[in-house]
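Read off the chains here:
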Amino acid sequence: MRWFGLACLHIALSGCSGELGVEGAGQNNAPPDGAAAGEATFAPEEPTELWFVELEGAPAARSGGRARVKGLAEEERALFRRAAVERGLRYTLRFSFEELWNGLSVRVARGGSVALSEMPGVKAVYPVVPVELDVARAATAVDPDLAVASDMSGADLVRRDLGVTGEGIRVGVIDSGVDYHHPDLGGCFGQGCRVAFGHDFVGDDFVPSDASKPPAPDGDPDDCLGHGTHVAGIIGANGIVQGVAPGVTFGAYRVFGCRGGSRADIILKAMERAAEDGMHVVNISIGTPFQWPDYPTAAAATALVARGVVVVASIGNSGEKGLWAAGAPGVGEAVIGAASIDGTRVTRLSFTVAPGNAAIGYTRAEGSPPPPLSGSAPLARTGTPASARDACDELPAGSLAGKIALVRRGGCPFHEKAARAQAAGAAGVVIYNDRGGVMNPSVAAGGPISIPVVGIAQADGELLSARLDAGPLTHSWTDRAVAAQSSTAGLISGFSSHGLSAALSFKPDLAAPGGAIYSTVPVEQGSYDTLSGTSMAAPHVAGAVALLLDARPELSAPRVRDVLQNSAVPAPRSGDPSGQVPEGAHRQGAGVIRVDRAIRATTVISPGKLALGESAAGPAARTLTLENAAAHDVTYDLSHAPAACATGGDHWRPTSATAGAAVVAFSATSVTVPARGRATVTVTVRASDALADGGLFGGYLVFTPRGGAADGPLRVPYAGFKGDYQSVPVLKLSGSEAPWLGKLSGTRMVPQRSGATYTLASDDVPYVMVHFDHGAERVTLDVVEAATAKPWGRALSLSHVGQSSSATAVTRYGWKGTTKLDGRPTVVPDGDYRIKLRALRALGDPDNEAHWDTWTSPVFTLDRP
């Protein structure tokens, strides 16, 4: 069987248990600023006790005969129950899955995951990760004709010129629910309403980390959080705001309570319900970054496509984390993973600063109370534009009493800055960006923030700081909205996650407007708001899919992605005024959706994208098939448009470059596709010697029709890795110098460079602190006797572990003194030992020792009381 671990950002593991009592699998903990070198601080936590258990049989969506599959599933579950009784395993069943993914999610006692892995018929075990939402908001009033950027995707042309609205198409929204009372969303729930289907899987009070607030499902999918209503409005609002496909029928599947937070198994259960309700399209604006394509939510989403449902998912908001950050379920093989481009204009509420009373637009931080619409206070700064860690350390008591704190971004989380200012008496916090582009502040993670926290542009913050040099300023909240054309309109949003996936699969797939998007929110939250995120890009794509299926109902679910990718238009590279070089394919996929072109297209090219793998294998040759539905022959001229590359080096801070483009050769310079027929062409792509090893290359194969065919140029994107992928290390030293052996002292993990003694009582266990600089194919921990190197068994075995959430983040694995030796659970006696940590590099060969990274701990002693 296999074990799967995760590295997460806005879906974070919390104390996940690993095999044979290993604690902390997949948890990422960045050392706090100010901690001693190599130390890390941890909040008190309970170990994860929730597990996905994948069974051997295939799910119904991937097998013939649902009755036969159901019979096999019942046999597998009966075997599991009998084995649990025989082995004394006590567990609580959360959910059983058969349709899209075959298995269970269970709660087991601490350490019970060991027995799960040994059960007959178990294929794999995965942690059930907690889920959080991560977006930015700003109350606004804008021109609704431009609000959801339908002009950028061609949806406005489809509605106006073709009269296509998505009528008859069912779109499922797996999210925080939908405020069906909203007039733009129909005003009612049930048959005959716009929101005709739905279910609440959690209830208002659900908090995933609090056992006293478990899920309380009911049939009412109303939204008290706001995210799902915003997503639904982008897809299909029809009122003050007009969504992409205003004629669709919604299914609302609520998986978040009013305080946010969910679990991956609840997301998967909602997918099954959406399939049962006959959704044609499902939008999932949720994701776990740095993920592999076979995590259960990604695998289930791919199975949902196999069942005939188009699945669109956000690719993630981890753009600042560098390459490989694409998240699940968006990394699912058949899923449309959506990247974000910035919208055409930004309109936000503002505050003024006197003297002068110039209005400055702001973004309310997620988790912050709404700023008031009036009231004044002195403006005070806590640092300067040169401060690297502004408000990251304790501020003098009372130093900000009754003032609005001006704070520079950087050095520590937004929540920490806000908490420091709040403790110093601030009446509000204005955080200004430390770079250009859109900022998505959030203070939702951590203790309560009771004062308004907003974010502003870098230029505005630096100007205010300079004005404070000249004298005191007064800050005033207003109800005034300010609007401006976005200077980054049409460019990939800075927050949008980079691909590829750790498996070198081509992600993201497409891009759509997601930066500063105005849409619906629950009526009690003001009815309309502006949010940013790939959470907003995905529903643009889902709405476009609804329009496409309305206009071309013959398209199969897998074919929809090909058609949209063929007709997409690559976005220009950021910082390139000429616009001649497209942004990297690893950032935008096929480009920005153009649903008007997709509907008009009479030719489809498959596959719609090419994942070329690593260049060390030599030039990559692929065959493309062109299918022409027109009643006349069409001839296409073939050409190559190279995109920006990600240069080799630090993948946490990738550099975009135009040099190093791949060399492309076609089997012919043109291809004629007969009427209602097909033709093939072979393309060979060779990585350039000018691109350093470790970089990502990509571009677009362009098929330009002769004679001005209605579908215009068609494109197929490609991407690959330059060099030997197994040369990318996993156990590269981080800023915290991990790996190291740790000992927990209170909430501080202290390095034990020369070893230590552990009693194994409570938390006094050996901790291995690991930084995963890249995704690992496999991770193992083995225990050996210090003096003789005698093996005492395996303490940990994980497969497909995602990379750490930052360049300095670490994952901890606590060993409780048991191993698996010769297939049997073994209690290791007191004595002196070492732990050997091994990580198999991504896509590596387990039989090739050069593909493994290895670290051995210092000698430590087990001395039980």
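Conventions and cut-offs
- Residues numbered from 1 in each chain as written.
- Predicted model: local features only at pLDDT ≥ 70, side-chain atom pairs only at ≥ 80, totals over all residues.
- Heavy atoms only, no water.
- Axes fitted to C-alpha atoms, helices over the stretch in contact; angles between N-to-C directions.
- Helix = DSSP H or I, 4+ residues; strand = E, 2+ residues; numbered from the N terminus.
- Parallel < 35°, antiparallel > 145°, perpendicular 65-115°, else oblique.
- Contact = heavy atoms within 4.5 Å.
- Nonpolar A, V, L, I, M, F, W, Y, C, P; charged D, E, K, R; others polar.
- Disulfide = S-S within 2.5 Å.
- Buried < 20%, exposed > 50% of the residue type's maximum accessible area, 1.4 Å probe, protein only.
- Pairing = 2+ DSSP bridges.
- pLDDT = per-residue confidence, 0-100.
- Expected span 1.5 Å × (residues − 1).
- Arc of directions from axis to C-beta.
- Left-handed = near helix turned anticlockwise from the far one by under 90°.

One can describe the packing of helix H11 (residues 534-551) onto helix H12 (residues 557-567) by two numbers: an axis separation of 11 Å at closest approach and a directional angle of 105 degrees. By the angle class used here, H11 and H12 are roughly perpendicular. Residue-level contacts link Val545, Leu548 and Leu549 of H11 to Val560, Val563 and Leu564 of H12. Split by residue class, the contact of H11 with H12 holds 6 nonpolar, no polar and no charged.

Glancing now at the state of the cysteines. Tallied over the full model, the rule gives 3 disulfides. Residue Cys188 pairs covalently with Cys193 via a disulfide, S to S 2.2 Å. Between Cys188 and Cys193 the disulfide shows an S-S torsion of about -120 degrees. By sign, it is left-handed. Judged by relative accessible area, Cys193 falls into the buried class, the value being 14%. Paired by a disulfide, Cys224 and Cys258 hold their sulfur atoms 2.0 Å apart. Its S-S torsion of about -105 degrees marks the bond between Cys224 and Cys258 as left-handed, since a negative value means left-handed.

Here we take up the sheet that holds strand E10 (residues 195-200). Strand order in the open sheet formed by 7 strands is E10-E11-E9-E13-E14-E15-E24, and the pairing between neighbours is parallel. Edge positions in the open sheet fall to E10 and strand E24 (510-515), since each of these has one partner strand only. Across this sheet, the average inter-strand angle for adjacent strands is 25 degrees, counted without regard to direction. Pairing of E10 with strand E11 (residues 249-254) involves 5 bridges; the strand directions are parallel. Within E11, the position partnered with His199 by the bridge is Tyr253.

Before going further, it helps to examine the confidence of the model for the protein. Averaged over all residues, the pLDDT of the protein equals 87, while 89% of them reach at least 70. Here residues 1-48 is modelled with pLDDT under 50, and outside its nearest four sequence neighbours on either side it reaches 203 contacts, counting other chains as well. Low pLDDT, under 50, characterises residues 136-147; the stretch is placed with 44 contacts to residues that sit more than four places away or in other chains.

Let us look at the sheet that holds strand E33 (residues 663-666). The strand order across the open sheet formed by 4 strands is E27-E29-E35-E33, and the pairing between neighbours is antiparallel. Lying at the two open borders of the sheet, with one neighbouring strand each, are strand E27 (603-606) and E33. Taken pair by pair, the neighbouring strands of this sheet meet at an average axis angle of 25 degrees, ignoring direction. Pairing geometry for E27 and strand E29 (residues 620-628), over 4 bridges, is antiparallel. Residue pairing in the sheet places Val604 in a bridge with Glu627 of E29. Its contacts with the sheet put H12 on E27 and E29, and the angle it makes with E27 is roughly 105 degrees.

Between its first and last C-alpha, helix H10 (residues 458-470) extends 19 Å over 13 residues, near the 18 Å set by a 1.5 Å rise per residue. For H10, the complete set of buried residues consists of Gly461, Leu464, Ser465 and Leu468. Buried residues of H10 fall within an arc of 100 degrees about the axis and therefore sit on the same side. Those residues of H10 that are exposed and aimed more than 90 degrees away from the buried face are Ala459, Asp469 and Ala470. Looking at the residues trailing H10, positive phi occurs at Gly471, about 155 degrees.

Glancing now at the packing of helix H6 (residues 227-236) against H11. It is at 8 Å that the axes of H6 and H11 come closest, and there the two elements cross at 35 degrees. H6 and H11 meet at a crossing whose hand is right-handed. Each of His227, His230, Val231, Ile234 and Ile235 in H6 lies in contact with H11, whose residues at this interface are Ser535, Met536, Pro539, His540, Ala542 and Gly543. Looking at side-chain class alone, the contact of H6 with H11 contains 6 nonpolar, 5 polar and no charged residues.

Let's shift gears to the pairing of strand E46 (residues 824-827). Two faces, one strand: in a regular strand the side chains alternate between the faces of the sheet. As paired strands, strand E45 (residues 818-821) and E46 are joined by 4 bridges and run antiparallel to one another. The residue bridging Lys820 from the neighbouring strand is Pro825, located in E46. Here E45 folds back onto E46 in antiparallel fashion, the turn holding 2 residues, of which Asp822 has a positive phi close to 55 degrees.

Attention shifts here to the pairing of strand E42 (residues 776-785). E42 sits mainly inside the fold: 8 of its 10 residues count as buried. As paired elements, E42 and strand E43 (residues 791-801) share 7 bridges and run antiparallel to each other. Looking at E43, one finds that Arg778 is bridged to Ser799. With antiparallel pairing between neighbouring strands as the criterion, E42 and E43 make up a hairpin whose turn holds 5 residues, including Ala789 at a positive phi of roughly 65 degrees.

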